[in-house]
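Here's the letter readout for the chains.
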Amino acid sequence: MRAFLLRRLVHAVFVVWGVVTVVFFLVRLTGDPAALLVDATATREEVERARQALGLDRPLLVQYAEFLRAAPLGDFGVSLRERRPAMGMVLEHFWPATAQLALAALVLAVVLPIPLGVIAATHRNGALDHASRLGSLFLQSMPSFWLGLMLILLFAVALGGLLPAFGSGTLSHLILPALTLAAAPLAQNVRLIRAGMLEVLQEDYVRTARAKGLAERGVVYRHALRNAAGPFLTVSGLSLGFMLSGTIVIETVFSWPGMGRLIVQAVPGRDFPVIQAAVFLFAILFVAVNLVVDVLQGLLDPRARVFGDGA
Amino acid sequence: MTALHRPVLWLALAILGLPLAAGAAPPTSVDGVPIDPEAELVVALTDDTTNLDPRIGMGSIRSNYIRQIFESLVDVDRQGRPVPGLALSWKPVNDLTWEFVLRRGVTFHDGEPFNADTVLFNLDRMFRKNLDKWGIKDVAAGTAFDKVYPFVTRWEKVDDYTVRVHTSEPSATLWDFLGREPLVPRAWTIKHGVEALNDKPVGTGPWKLVAWKRKDHMAFERNDGYWGGPTLAKRLRLQVIPEAAARIAALRAGQVHLVEAVPPLDAEVLGKTSTIRVASSVQKLACRIYLNGRTKDAYESGGKDGAFADPRVRMALNLAVNREAIIAKIFHGLALANASPVATVAYGYAAQPPYPYDPARAKALLAEAGVSAAQPLTLQLLLPAKHYGQAFDETVGAVVEMLKAVGVQVTVQTLDFGTLLQTLTKGTLPPNGGFAACRTSNNLDADDFVRDWATTTLVNWTPYPPELLALYQSTRRQVDAKKRLAALAELQQRVRDWAPVVSLYQEKKAYAHSARVLQFVPTQELNMDFRGVALRR
Amino acid sequence: MRPPRDAVAWAGLVVIVGSAVLAVLAPALAPTDPVRNDLLARLTPPAWMDGGSWTHPLGTDTLGRDVVSRLLYGARVSLVVGFSAVVLAGALGVVLGLVAGYYGGRLDDALMRLGDVQLAFPALVLAVAVLAVVGSGLGNVVLVLGVTGWVTYARIARGETLSLRHREFVEGARALGARDAGILWRHVLPNVLPSITVIATFSVARTIIAEASLSFLGLGIPPPAPSWGAMLDEGRNYLTTGWWLALFPGLAILVVVLGINVVGDWLRDTLDPRVERGM
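In every chain, residue numbers begin from 1 and rise along the written sequence. The lettering of chains begins at A and the numbering of ligands begins at 1, in the order of writing. For this predicted model, a pLDDT threshold of at least 70 governs which residues receive local features, and a threshold of 80 or more governs which side-chain atom pairs are given and counted, while totals over whole chains, interfaces and linings are taken from all residues. Excluded from the side-chain calculations are hydrogens and water; all other atoms, namely the structure's heavy atoms, are used.

Chemist: How should I be thinking about the sheet that holds strand β9 (residues 162–167) of chain B in this particular structure?
Modeler: Sheet strands line up and pair through hydrogen bonds in the backbone, either parallel or antiparallel. Residue and element names in this part refer to chain B. Any two strands with at least two DSSP bridges between them are considered paired. Only DSSP runs of H or I with at least four residues qualify as helices, and only runs of E with at least two residues qualify as strands; both kinds are numbered from the N terminus onward. Strands sit in the order β6-β7-β9-β8 across an open sheet of 4 strands; the sheet is antiparallel. Either end of the sheet is taken by a strand with one partner, and the two such strands are β6 (87–94) and β8 (152–159). Strand after strand, the sheet turns through a mean of 20° between neighbouring axes, direction not considered. Bridging between β8 and β9 involves 6 bridges; their strand directions are antiparallel. In the sheet register, Asp159 faces β9, and the bridge partner there is Thr162. For this analysis, residues touch if any pair of their heavy atoms sits within 4.5 Å. Orientation is described by axes fitted as lines to C-alpha atoms, over the contacting stretch for helices, and by angles from 0 to 180 degrees between their N-to-C directions. Sheet contacts for helix α3 (residues 116–127): β7 (97–102), β8 and β9; angle to β8, the most-contacted strand, approximately 170°.

Chemist: Help me understand the interface of chain C and chain A in this model?
Modeler: How large an interface is tends to be reported as the accessible area lost when its parts come together. With 42 residues of chain C at the interface, the matching set in chain A holds 39 residues. Summed over both sides, the interface of chain C with chain A buries roughly 3,700 Å², with 80% coming from carbon and sulfur. Salt bridges are counted wherever a side-chain nitrogen of Lys or Arg sits within 4 Å of a carboxyl oxygen of Asp or Glu. If you look at where chain C meets chain A, you find 0 salt bridges. Every element with two or more residues in the side of chain C that touches chain A is listed here: α4 (105–119), α5 (123–134), α9 (180–216) and α11 (243–271) of chain C. Per element, the largest residue contribution to the side of chain C that touches chain A is 11 residues, and it comes from α11 of chain C. Here the nonpolar group is Ala, Val, Leu, Ile, Met, Phe, Trp, Tyr, Cys and Pro; Asp, Glu, Lys and Arg are the charged ones; every other residue, Gly included, is treated as polar. Among the residues making up the side of chain C that touches chain A, the classes are represented as 30 nonpolar, 5 polar and 7 charged. Here the quantity called buried area is the total loss of accessible area, with a 1.4 Å probe, experienced by two parts when brought into contact, counted for both.

Chemist: Hey, could you run me through the state of the cysteines in this one?
Modeler: Residue and element names in this part refer to chain B. A pair of cysteine sulfur atoms is labelled a disulfide when the two atoms are within 2.5 Å. Summed over all chains, the structure comprises 1 disulfide over all chains. The residue that forms a disulfide with Cys287 is Cys438, at a sulfur-sulfur distance of 2.0 Å. Taking the sign of the torsion about the S-S bond as the criterion, the disulfide between Cys287 and Cys438, at about 105°, is right-handed. With a gap of 151 residues between them, Cys287 in strand β14 (residues 276–291) and Cys438 in strand β18 (residues 433–439) connect regions that are remote in the sequence.

Chemist: Could you clarify how one ought to interpret the packing of helix α5 (residues 86–111) of chain A against helix α6 (residues 113–122) of chain A in this entry?
Modeler: For any two helices packed against each other, the geometry is given by the interaxial angle and the distance between the axes. Residue and element names in this part refer to chain A. Relative orientation of the contacting elements α5 and α6 amounts to 20°, with a least axis distance of 5 Å. On the basis of their axis angle, the class for α5 and α6 is roughly parallel. In this structure, α5 contributes Leu108, Ala109, Val110 and Val111 to the contact, and α6 contributes Pro113, Ile114 and Pro115. By residue class, the composition of the contact of α5 with α6 is 7 nonpolar, no polar and no charged. When describing relative orientation, an angle under 35 degrees is termed roughly parallel and one over 145 degrees roughly antiparallel, while 65 to 115 degrees is termed roughly perpendicular and anything else oblique.

Chemist: Even after reading the chapter, I still don't get the pairing of β6 of chain B, so can you show me in this structure?
Modeler: Residue and element names in this part refer to chain B. As defined by bridge partners, β6 adjoins β7 across 6 bridges and the pair is classed as antiparallel. Its bridge partner lying in β7, Ser89 is registered against Val101. The hairpin formed by β6 and β7 contains 2 residues between the paired strands.

Chemist: Would you take a moment to explain the packing of aromatic side chains for this structure?
Modeler: The geometry of an aromatic ring pair comes down to the distance between the two centres and the angle between the two planes. The criterion for an aromatic pair is that two Phe, Tyr or Trp rings (for Trp, the six-membered ring) have centres within 6.5 Å, with stacked assigned to planes under 30 degrees apart, edge-to-face to planes over 60 apart and tilted to the rest. Within this structure, the stated rule accounts for 31 aromatic pairs over all chains. With a centroid separation of 5.0 Å and an interplanar angle of 45°, the aromatic rings of Phe76 of chain A and Phe280 of chain A are classed as tilted. Taken together, the residues span a long stretch of sequence, with Phe76 of chain A in the loop between α4 (60–70) and α5 and Phe280 of chain A in helix α13 (residues 272–300) at a distance of 204 residues. Look at Phe280 of chain A and you get partly exposed, because its relative accessible area is 21%. When the ring of Trp90 of chain B is compared with that of Trp175 of chain B, the centres are 6.4 Å apart and the planes differ by 10°; the resulting orientation is stacked. Here the residue Trp90 of chain B occupies a position in strand β6, and Trp175 of chain B occupies one in helix α6 (residues 174–179), the gap between them amounting to 85 residues. Pairwise contacts between aromatic rings join Phe24, Phe25, Tyr64, Phe67, Phe76 and Phe280 of chain A into one cluster. Consider the ring centre and the ring normal. A charge sits over the ring if Lys NZ or Arg CZ is within 6 Å of that centre and within 35 degrees of that normal. Directly above the aromatic system of Trp227 of chain B lies the positively charged group of Arg103 of chain B, at a separation of 3.8 Å from the ring centroid. Against the face of Trp498 of chain B rests Arg314 of chain B, its NZ or CZ located 5.1 Å from the ring centre. The rule is simple: take the accessible area with a 1.4 Å probe, protein chains only, and divide by the maximum for that residue type; under 20% is buried, over 50% is exposed, in between is partly exposed.

Chemist: Whenever I open this one, the pairing of strand β17 (residues 409–415) of chain B confuses me. Can you help?
Modeler: The side chains of a regular strand alternate between the sheet's two faces. Residues and elements named next belong to chain B. Alignment of strand β16 (residues 378–384) against β17, held across 7 bridges, turns out to be parallel. Along β17, the bridge assignment pairs Pro384 with Leu415. Think of it like this: strands point away, you trace from the first strand over the helix to the second, and a clockwise trace means the crossover is right-handed. Of the crossover connections in this fold, the one passing from β16 over helix α13 (residues 390–405) to the parallel β17 is right-handed.

Chemist: Sorry if this is basic, but what is going on with the confidence of the model for chain B here?
Modeler: Fine structural detail should not be taken from predicted coordinates in areas where pLDDT scores are low. Residue and element names in this part refer to chain B. For chain B, the average pLDDT comes to 89, and 96% of its residues sit at 70 or higher. Here residues 1–5 scores under 50 on pLDDT; set against residues more than four positions off or in separate chains, the count is 1 contact. What pLDDT expresses is the predictor's confidence in each residue, scored from 0 to 100. Below pLDDT 50 for its whole length, residues 12–23 participates in 1 contact with residues either more than four positions away or in separate chains.

Chemist: I tried to follow the packing of helix α3 (residues 67–103) of chain C against helix α10 (residues 228–235) of chain C on my own but got confused; where do I start?
Modeler: Residues and elements named next belong to chain C. Between α3 and α10, the shortest axis-to-axis distance is 8 Å and the interhelical angle comes to 135°. In terms of their interaxial angle, α3 and α10 are classed as oblique. The segment α3 lies against α10, with Val67, Arg70, Leu71, Gly74, Ala75 and Ser78 engaging Trp228, Met231 and Glu234.

Chemist: What's the story with the pattern of salt bridges in this structure? I'm lost.
Modeler: Side chains that differ in sign of charge can pair as their charged atoms come close. All names here are of chain B. For the structure shown, the criterion picks out 40 salt bridges over all chains. Between Glu156 and Arg154 there is a salt bridge whose closest N-O contact spans 3.0 Å. The partly exposed category is assigned to Glu156, whose relative accessible area is 29%. For Arg154, a relative accessible area of 44% corresponds to the partly exposed category. Put simply, Arg496 and Asp497 hold a salt bridge, and the shortest N to O gap is 3.0 Å. Residue classification places Arg496 among the buried positions, given a relative accessible area of 11%.

This is how it looks when you write it as structure tokens:
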């Protein structure tokens, strides 16, 4: 177990380093932010001066070395647009705004499917099951921002401001964006729970238990849920990653003041330090979540050989 | 009213009377309509500002925030005319000297007095002089005054409320380009440093900054000691809502009182709603298609001159555009056609005969200029999509088809604004290239518009021929107002005929607000003015 | 492979084939040129509403272009992007995965690490950054979506290859002097194909949505070419005044993607029940 953790940590560090390096060179390929920071009627000399002031005229590798030196200490430089520490800005936008949104969506996508999936499985081929299957397919088949726009149209406009159309701060502000973000993973998880439950419900030991007259409820929940838990965990972990990147679009639609909106402005605005800091944070979260999911999976189901032979 | 209410009414009047008796308290009614002097006015804007230090930049978004806190020597009235701001008067004392007489009794929000020393300090910052003497850092400025106005030589104070600025050549517009710059406090900036200006600055303006939650909102409170009298609302909140649909939804739901940048079609629909009022004002934003008319040594051309150097070709393109259809159909009347390079609401504007919609004449002109089936005219148009709003993108789409209809082979390349700026900076626009962009002005004078083609800047792809350049420079030096206006008029007429760009439209901005908002008048400036705006009870 | 017994799966097949047919026949079926402006006819509502007419059955957009025509031509874009990007990603991923699984060692390590790095990227940031460099356009969008999608295919191909590598028939073939490429092609690939097909089917659905998202952020196919994503993006500013602009492309995406997902479900049930359910 310890060897496993160590290996995975090293791997995680490598992945984060890889992501950040790729972004570093990639965004510098997208071009020069200096032109954006001066008047459109500026001269070439003024743009050049701005570049020098930002340290962008130094050789690429020098900038990279400087970046590698400072980043592990948490120093990602100063935002080119707002002249404030980049990592500070990113964290400000991440907590509480994006974190709230992602966690609320995660709770919806992880908790709601359990009863829904169970109902679908136990009423197999009944009306409820078909309804859940169709609903699930629908939710996974539409672009999330379209769903968001339709929800705004419905709740904020047509129903006369039942729920707010923009901004953050209260629970009612959180509902629409969280629902939109959670929709597709929620649908997916309902199918997963259902599938996992169905598999187990067919199993011999369940049939035996039923034959022996053991309480249906206990049988269903204990064995079946445990079986579904494995893939369910994997998908939840991936869902969180998907949701973190989904915030990019959803926050724009709902004017949610989080990290997604920050990135949407930083990339075309070529605010390199902010882009780097934000991608770094994303990568760390993604990798950490995957690590946790792997560990949990290994604990839950030793058969999965997550920890390697002879763990 | 029953007998029960009467005593309550008297009591209420007595209580209300107390603060009124105490001094210059904000009024509680406007034209007989009772207002709420403790109200918070909530305004929805399209974006947040990235800086509050005026030196760093004063674009249309930033001006809205900066000009609530800071003020300039020259203020603007609701008709767009210059009026006294922090300066009571300004005049040239001789050909090479301007004198500003400052307003007395003005203090910054922290109590620091405004006087000639403040102005001298700000001039030093604008021209980047004496920075080490003051112990402050330089900032990457949006407009470097020392480069753009190198003829301004020195400045001095005559007394505590009079400042003189000296130039090396006559400058007709000094009152404008110096007078519109918002002024920051001297002692406060020296003490806290220039970075603090972007954090929680103090100014002389009618609103004090109370809180700033980035990308979310900025909250202000009434400046009780404001020289122009207290604002009618107690608090102001500028809320960021990037999506137009969300802004309008918020207005309908009563979550905000006023929204800016209402799309034309929505403005029409909202105007029919009984609880909402729509107001619009002509802006200085002029949208154009800029064409590559540079000579081959003036950019990264690969040895080719720009394909649009011939004025006949450019005029032909102007004749191919059906502006009336665009203004009626896309803008629903919320735009205007202006053949003068100067915005209609700028000081010095002279009306020019509009470019007629005449595709036949356009084709004839193109043929005259040597365009034929064997040698077709191609245009690679760079479009910064989503940068100037939906109506702009639609207009360019429509114009592209109109140009194709007269035989120009247009290909559109959409890119983001930053990439466009980069192309322009590096000079890598293709020889048959062009780009669609809009140009606005922070200043009141026409000079800001006509100087576009005088110096080598990012947007100057059709530099003035020598005679136009000479005419332009004479307008800059002509201090006599009447003579200058005449020269400007001649310049505008000649530029109209020379057609450096394909002019598309001049913007009329639409605002929508709840019927509870009183006395809101949109300005022609880049910022909104909330001094006289009140919320009905 | 049994034909589907489920009515829903049949419906999905019909939808997919139907949209392909409509896309191919678009020039013949479209009422008008999808790119031609007609400012006077701007924003006319669908035919059954006040002010609508049957020359524009589903109304016109902000420049007077016919919605039905744009939907038909847009189907071409969505389907071409969806299938091409997936074919590209699949081909790239399968080749890399086969190679990684067969040869193992440092090559395998390097490829899998690269895959991990790519998966850790927030999806849109990568696409946004790359498209900002190379510029938007049909080819570039296909390239970006294709090149960034290889990882899942590579993993599956690699897994399959690993388990087959030491099986008897492979060892036998090697002993007989067969070349590696031949072995991979003839013995390993056919075993990989069923899982890959299932994944690919769901990928097409996701890619169509991804293209719509890129257009929503302004990076998709440039104007004036019609694409469902771009139409959605145009329509989102007219939700209340021109709701048909956002509704119909959104419905089109929904129906086509739904059809693909349903068929994918059926494919998975028949071809490879081992693949993670619900993906």
